[in-house]
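An overview of the molecular structure
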Amino acid sequence: MIKLQWLIPLLPVLSALLVHLLAGRLGRRVAQLSVGMGVITFLVALWQIVVFITSDQGPSWMGIGGNWGSVYLDPLSATMALVVSGFSLIVHIYSVRYMAEEPGYARFFMLLDLMTASILLFVTAGDLITLLIAWHLVSVMMYFLLGQNTESRPGERYAFWTFLTYRIGDLPMVLAAVILFQAYGALDFPTLFDRLMAAPDTEVFGMPAAITAAGLIAVSAFAKSAQFPLHTWLPYTMDGPTPVSALMHAGIVNAGGIIINRFAPAFVNADGVLHLLFVVGLLTAVIGSVLMLTQNDIKKSLGYSTMGQMGFMIMETGVGAFSLAVFHLIAHGMFKATMFLSSGDLIGDARRHDDVPQNPLYTFLVDRKTGKPARLPWLAIGVVTLVVPLVILLLAHWAVSPDFFQKQGAIVLLFFGWITGVQVLFATHRLDATNPVRMMLMILLSFALIVIGYSIIGHTFETFLYPDAAFREALYHAAGLDAVTFDGLVLLLGLIVLVGWIGSYLASREESLFGNRFSELRLTLYSLISRELYIADLYERLSQALLEGSKRINVWMRWR
């Protein structure tokens, strides 16, 4: 069974080679060849995970020589191989017609196959060296794909920007691999993780190996998954082809969550690093979500949306919910890939039609539309939106796992789930509807079905991904805080929610909590957010200063 694992990354490589060799003979039909190989890769990955689940065997490892050049078959690699190959197949099929009028048609499919192979090698790697090679190849292939249109200067610029950010993220990963090898003397993951769990307090170069390696891996994950302040490359890569954006947001940007789960034995012994993951993830989620609201470009808005979702993914690992982070990135990849592929059609339609209604009757009716839409009383909707989502979340998780509420991380996740449900219901209340009661009941029913399904699938997936119950408990325990800090955090978040609801109530009555005293501050804040906190401008100034400094050094040193 493990031998099939080699086929998963090798088949896209074979496809890229055939596309390159047969491009002159087949012309644009090489796209069909690439799609066909993608179908085979997906079927192999599907067969692999089905056999792995039904055979009830444990993880297995196989190398081509020594302790490196290997693949690893475990729940994480089997799941991600299926997800990546499936997303890649969808992008391949979409690209057949979407890229038909673009230059470098065959080259695009060759690069797309090589990118798929790099990601699949990354998720199936069985040792440190193979992982580092795949980690580097993902960055290189991303650079070439984003720069597919060689005539676009912004595309080339932001492709290099992404490549540079990825290089920053590669260095901590290399250092972490060196530290782990020096501390435990093993390259292959099974041996390395066994020794790490047996001796987590091992020191190397006078530093605790597990904590130091986990911290370096976390920094590397921040760069790959666009965490603040290393996020600027993500929304600015939209000049690349739309299929590349879909593949990037569905699979490549998830690399941070995957690498953290792969090195879970190191993070379970590094509680301080888990707290750092929570803080950075929460900050990124808030900033990404806020910046998304002020964008007037659909793809850039989706880019900041992805940044916010990646923040939630990193935050989930910070509270010990490692399996939930993987489940999150899979769900996010599915709908975000669909949204990006749909955005390509929307952009094309917008270029052909401006959607300005030409019918005089339509314009007359819209202009003369009067009256306010029917809505439920504000107090009633406030009680419903606050209480009902909380009750649904508590009952669903209690029915699936009664001891779920004994974990601090679970309580934090429930809190954010409650806030999300409140936002959904409140947004529904603000919609225009002829029958608001029926609409609210349908939304509540949909929310209940989603929460129940999410709870059942999430808990089942956690058991599949981490079968060892003791290890799952250790992850939650490592992410825990002392009682005073945790209670203070919950109280602070509760006060923020309370102030927000008071502000929403006053806004509905066309009043303000502070009157007009902070109107200028609000305008300043909006200007700051619309300019994306000036972080990209700051990086640009720094890069210009570095270039000027290098020029002066060249003059001083008389280099030619």
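Here the structure is a predicted model, which is why all the values come from computation and not from measurement.

Conventions and cut-offs
- Counting restarts for each chain: residues are numbered from 1 in the order of the written sequence.
- Where totals are concerned, whole chains, interfaces and linings use all residues; where local detail is concerned, this predicted model gives features only for residues with pLDDT of at least 70, and gives and counts side-chain atom pairs only at 80 or more.
- Calculated side-chain values reflect all of the structure's heavy atoms, with hydrogen atoms and water omitted.
- Starting at the N terminus, helices and strands are each numbered in turn, a helix being any DSSP run of H or I of at least four residues and a strand any DSSP run of E of at least two.
- For every residue, the accessible area (1.4 Å probe, protein chains only) is compared with the maximum for its type, and the residue is labelled buried under 20%, exposed over 50%, or partly exposed between those bounds.
- Between the N-to-C directions of two axes lies an angle of 0 to 180 degrees, each axis being a line fitted to C-alpha atoms and, for a helix, fitted only over the stretch in contact.
- An angle below 35 degrees is treated as roughly parallel, one above 145 as roughly antiparallel, one from 65 to 115 as roughly perpendicular, and anything else as oblique.
- By convention, the crossing between two helices is left-handed when the near helix turns anticlockwise from the far helix through less than a right angle, and right-handed when the turn is clockwise.
- Residue contacts follow a heavy-atom distance rule, with two residues in contact if any of their heavy atoms lie within 4.5 Å.
- Polar here means any residue outside two lists: the nonpolar Ala, Val, Leu, Ile, Met, Phe, Trp, Tyr, Cys and Pro, and the charged Asp, Glu, Lys and Arg; Gly therefore counts as polar.
- Salt bridges are counted wherever a side-chain nitrogen of Lys or Arg sits within 4 Å of a carboxyl oxygen of Asp or Glu.

**What about unusual backbone geometry?**
A cis amide bond links Phe228 with the next residue in sequence, Pro229, at an omega value of 5°. Locating Pro229 in the fold gives a position in the loop between α8 (209–224) and α9 (242–250). Despite not being glycine, Phe205 has its phi angle at roughly 55°, a positive value. The backbone of Ala226 shows a phi angle near 55°, a positive value even though the residue is not glycine. Relative to the helices and strands, Ala226 is located in the loop between α8 and α9. The buried category is assigned to Ala226, whose relative accessible area is 0%.

**Looking at the packing of helix α4 (residues 105–124) against helix α5 (residues 128–146)**
Taken N-terminus to C-terminus, the directions of α4 and α5 make an angle of 155°; their axes are 8 Å apart at the nearest point. Judged by the inter-axis angle, α4 sits roughly antiparallel to α5. The hand of the α4/α5 crossing is left-handed. Contacts from Phe108, Leu111, Leu112, Leu114, Met115, Ser118, Ile119, Leu121 and Phe122 of α4 reach α5 at Thr130, Leu131, Ala134, Trp135, Leu137, Val138, Met141, Met142, Phe144 and Leu145. The residue makeup of the contact of α4 with α5, split by class, is 17 nonpolar, 2 polar and no charged.

**A few points about the pattern of salt bridges**
Taken as a whole and assessed by the stated rule, the structure comprises 4 salt bridges. For Arg262, the salt bridge identified is with Asp74, shortest N-O distance 2.9 Å. Taken together, the residues span a long stretch of sequence, with Arg262 in helix α10 (residues 255–262) and Asp74 in the loop between β2 (68–73) and α3 (75–98) at a distance of 188 residues. By relative accessible area, Arg262 is classed as buried at 7%. Residue Lys551 pairs with Glu548 through a salt bridge whose shortest N-O separation is 4.0 Å. Residue Lys551 and its partner Glu548 are located together in helix α22 (residues 535–557), separated by 3 residues, close to a single helical turn. One salt-bridge network, in which partners are shared between bridges, spans Arg167, Asp170 and Lys224.

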